[in-house]
Amino acid sequence: MKTLTKTSLKLLIRTKAFWFFMLLMPMLSTLILKIKFDSSAAYTDNYKEEIIELSDSDAKVAYNGGKGEFVIKVYDASKSELSEYLLEKIAKSGMFLVCRADLTGKNVSADFMKKQLERDGFEDKMGAAIYIPADFDEQVTGGNPDKALTLYVLSEDTRESVLESELSLQLGRIIKNPSVKYLQEEDDRLPEKELISVAAGSQRELSQKQTNQRSQMGYAFAFMTLGFVFCGIFVAHACIREQKEGVFTRLTLTKIGAFKYFFSKFAVAALVSVMTTGVMAVCTLFISTDDIGMSRLSFIGMIFMMGLIFCTLSMIVGILMGDIMGANVAAFTIWCISALLSGLYFPLNYTSNALKLASYLMPQKWFLEGTEMIFVGDKGASFMILCTTVAFLAVILSLGSLGLKVKRTDGWGNA
């Protein structure tokens, strides 16, 4: 069996495509971990009812919505205490998501607003836009609510009428007594609202930085999964060729037998996982642990165990397919479906219960869970990931052995 493993590994090393996946995928994973981007808006729940500050007036607000909120983009050239109070009351009304672009100190002309709204209307997605001029305080103290702000309706959402009513109410209160202290004392006399989040109740509380790292880790897992799947499929290619050329039949006539033959292929898949993980370990030397969000040892351990699962899975699926082209298609299908359903690319919090249930059947889902556990300092993360790996390997090997027995009755192994 040792000779079989060495021979299979030598044949695998001679395959150029094998080196392509083994070297390129860890490099791409390292690159995605090193790139800094903010994707926290897609993973965080905006239930805190706070004003979201935009980097500039051209920033897109569509990335902050997506959960059914009525999104309002505010161009605030005043940013006074009164305008701040007004926007906070709109944000805390429970129906609107307020995103503010700070325009203080800038020359905001009618032509600027026209071009900005035309661009936002075509390239962004929002319910309405509000322009607050620099002389907001003077207009409200002078009793001119029509000149205090300008409301632009950019959708056909019926909640726009509710926004108009809320703006009229709050502007009326401010005009009646333009003192933020007095207005806040009035608010303190109102019944206190208790905010309960149902959708995020079972989720771990991650900081914005950790949320971005979790998102980057998902993309890195996607690249590594692709590499492991195709490295495993190259092991299956060797099995298929040996079956077609009668090598497997001749081996079964010796003392080696079918069990030792397939066990040697599993050993090759494990060695391939070690080799690919080793390349990833070298690549991590070019990034800091701050980019990963965890220790290098924890990260490399997760990569190896995920690789062991997918190398074994793709190898067995390829062997059962019995055809090189069919094995390649099956490997790509495994990668696509598992990456999509596990939530590597986007959150599944607001999908159907069926998709949420299907995501728990994907190995990457559990490795993402382990990543979050490590981020929050949960000491049970290593044990959970280890149990997940053992469980998936047990299922894969059990179903694989059953499939091979059925396949052999149909002629697999007969040259």
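Details of the structure are given in the entry above.
Keep in mind that this is a model prediction, so the values were computed, not measured. (Residues numbered from 1 in each chain as written. Predicted model: local features only at pLDDT ≥ 70, side-chain atom pairs only at ≥ 80, totals over all residues. Heavy atoms only, no water.)

Draft legend 1. Quick look at the overall build of the protein. Along the backbone of the protein there are 18 helices and 5 strands. Sorting the 415 residues of the protein into buried and exposed places 47% on the buried side. Sequence-distant contacts, at least 24 apart, represent 77% of the contacts inside the protein between residues at least 6 apart. Accessible area of the protein: about 21,100 Å², with a carbon and sulfur share of 61%. (Helix = DSSP H or I, 4+ residues; strand = E, 2+ residues; numbered from the N terminus. Buried < 20%, exposed > 50% of the residue type's maximum accessible area, 1.4 Å probe, protein only. Contact = heavy atoms within 4.5 Å. Areas by Shrake-Rupley, 256 points an atom, 1.4 Å probe, with all protein chains shown as cover.)

Draft legend 2. Structural view of the pairing of strand E3 (residues 96-102). For E3, the tally of buried residues reaches 6 of 7 residues, placing the bulk of the element in the interior. As paired elements, strand E1 (residues 52-53) and E3 share 2 bridges and run parallel to each other. Paired with Glu-53 across the bridge in E3 is Arg-100. Bridge count between strand E2 (residues 70-76) and E3: 7 bridges; the pairing is parallel. Its bridge partner lying in E3, Asp-76 is registered against Asp-102. With respect to chirality, the unit in which E2 leads through helix H4 (residues 81-91) into the neighbouring parallel E3 is right-handed. (Pairing = 2+ DSSP bridges. Right-handed = clockwise from strand over helix to strand, strands pointing away.)

Draft legend 3. Structural detail: the nonpolar core. Of all hydrophobic cores here, the largest spans 66 residues; its most connected members are Leu-33, Phe-221, Val-272, Phe-299, Ile-303 and Phe-367. Within the residue set of this core, elements represented by two or more residues are helix H1 (2-13), helix H2 (16-34), helix H10 (208-244), helix H12 (257-283), helix H14 (296-321), helix H15 (324-341), helix H17 (363-375) and helix H18 (381-409). Of the residues forming this core, the biggest block, 16 residues, is contributed by H10. Those residues within four positions of Phe-299 in sequence are excluded, and the remaining contacts are Leu-33, Met-217, Met-280, Thr-284, Ile-292 and Met-294. Ranked by size, the runner-up nonpolar core spans 25 residues in total, among them Leu-82, Phe-96, Ile-132 and Val-180. (Core = buried A, V, L, I, M, F, W, Y, C linked by side-chain atoms within 4.5 Å.)

Draft legend 4. View of the packing of H10 against H17. Running from amino to carboxyl end, H10 crosses H17 at an angle of 145°, the nearest separation of the two axes being 10 Å. Crossing handedness for the pair H10 and H17: right-handed. Taking contact as the criterion, the partners of Gln-210, Gln-213, Arg-214, Met-217, Gly-218, Phe-221 and Thr-225 in H10 are, on H17, Gln-364, Phe-367, Leu-368, Thr-371, Glu-372 and Phe-375. Split into classes, the residues belonging to the contact of H10 with H17 amount to 5 nonpolar, 6 polar and 2 charged. (Axes fitted to C-alpha atoms, helices over the stretch in contact; angles between N-to-C directions. Left-handed = near helix turned anticlockwise from the far one by under 90°. Nonpolar A, V, L, I, M, F, W, Y, C, P; charged D, E, K, R; others polar.)

Draft legend 5. Local environment of the pattern of salt bridges. The full count for this structure, using the stated rule, is 11 salt bridges. The salt bridge involving Arg-100 is made with Glu-84; its shortest N-O contact spans 2.7 Å. Of this pair, Arg-100 sits in strand E3 while Glu-84 sits in helix H4, and the two are 16 residues apart along the sequence. Taking the relative accessible area as the measure of exposure, Glu-84 reaches 23% and is therefore partly exposed. A salt bridge links Asp-290 to Lys-209; the nearest nitrogen and oxygen atoms lie 2.5 Å apart. Placement of the pair is Asp-290 in helix H13 (residues 289-292) and Lys-209 in helix H10, with a sequence separation of 81 residues. Asp-290 sits in the partly exposed class, given a relative accessible area of 38%. When salt bridges with common partners are traced through the structure, they connect Glu-53, Asp-76, Glu-84 and Arg-100 into a single cluster. (Salt bridge = Lys/Arg side-chain N within 4 Å of Asp/Glu carboxyl O.)

Draft legend 6. Broad picture of the sheet that holds E3. A sheet is described by the order of its strands in space; here 5 strands give the open sequence E1-E3-E2-E4-E5, paired in mixed fashion. The strands lining the two open edges of the sheet, one partner per strand, are E1 and strand E5 (150-153). In this fold H4 packs onto E2, E3 and strand E4 (128-132), with an angle of close to 150° to the strand it touches most, E3. Its contacts with the sheet put helix H5 (residues 110-123) on E2, E4 and E5, and the angle it makes with E2 is roughly 160°.

Draft legend 7. Structural view of the packing of aromatic side chains. A full pass over the atoms with the stated rule returns 9 aromatic pairs. When the centroid spacing of 5.2 Å and the interplanar angle of 90° are considered together, the rings of Phe-20 and Phe-21 count as edge-to-face. Taking relative accessible area as the criterion, Phe-21 reaches 14% and is therefore assigned buried. Put simply, the rings of Phe-20, Phe-21, Phe-230 and Phe-234 pair up and form one aromatic cluster. The ring of Tyr-360 carries the charged tip of Lys-365 above its face, separated from the ring centre by 5.2 Å. (Phe/Tyr/Trp six-rings, centres within 6.5 Å; stacked < 30°, edge-to-face > 60°. Lys NZ or Arg CZ within 6 Å of the ring centre and 35° of its normal.)

Draft legend 8. Layout of the packing of H10 against H15. Here H10 crosses H15 at 160°, and the two axes come no closer than 10 Å. With respect to H15, the axis of H10 lies roughly antiparallel. Crossing hand, H10 versus H15: right-handed. Along the contact surface, H10 presents Ala-222, Thr-225, Leu-226, Val-229, Phe-230, Ile-233, His-237, Ile-240 and Arg-241, while H15 presents Ile-324, Ala-327, Asn-328, Ala-331, Phe-332, Ile-334, Trp-335 and Ser-338. A class-by-class count of the residues in the contact of H10 with H15 yields 12 nonpolar, 4 polar and 1 charged. (Parallel < 35°, antiparallel > 145°, perpendicular 65-115°, else oblique.)

Draft legend 9. Summary view of the side chain of Lys-73. Mapped onto the fold, Lys-73 is located in strand E2. Taking relative accessible area as the criterion, Lys-73 reaches 0% and is therefore assigned buried. Within the local environment of Lys-73, its side chain forms a polar contact with the backbone oxygen of Ala-59, the two atoms lying 3.1 Å apart. (Polar contact = N/O pair within 3.5 Å; in protein donor to acceptor, adjacent residues only side chain to side chain.)

Draft legend 10. Spatial organisation of a positive patch on the surface. A cluster of basic residues, Lys-2, Lys-6, Lys-10 and Arg-14, forms a positive patch at the surface. Position of Lys-2 relative to the elements: it lies in helix H1. Overall, Lys-2 belongs to the exposed group, its relative accessible area being 62%. (Patch = residues over 30% accessible without salt bridge, like charges linked within 9 Å, V, L, I, M, F, W, Y side chains within 5 Å. Lys, Arg positive; Asp, Glu negative; His and termini not counted. Charge placed at Lys NZ, Arg CZ, Asp CG, Glu CD.)

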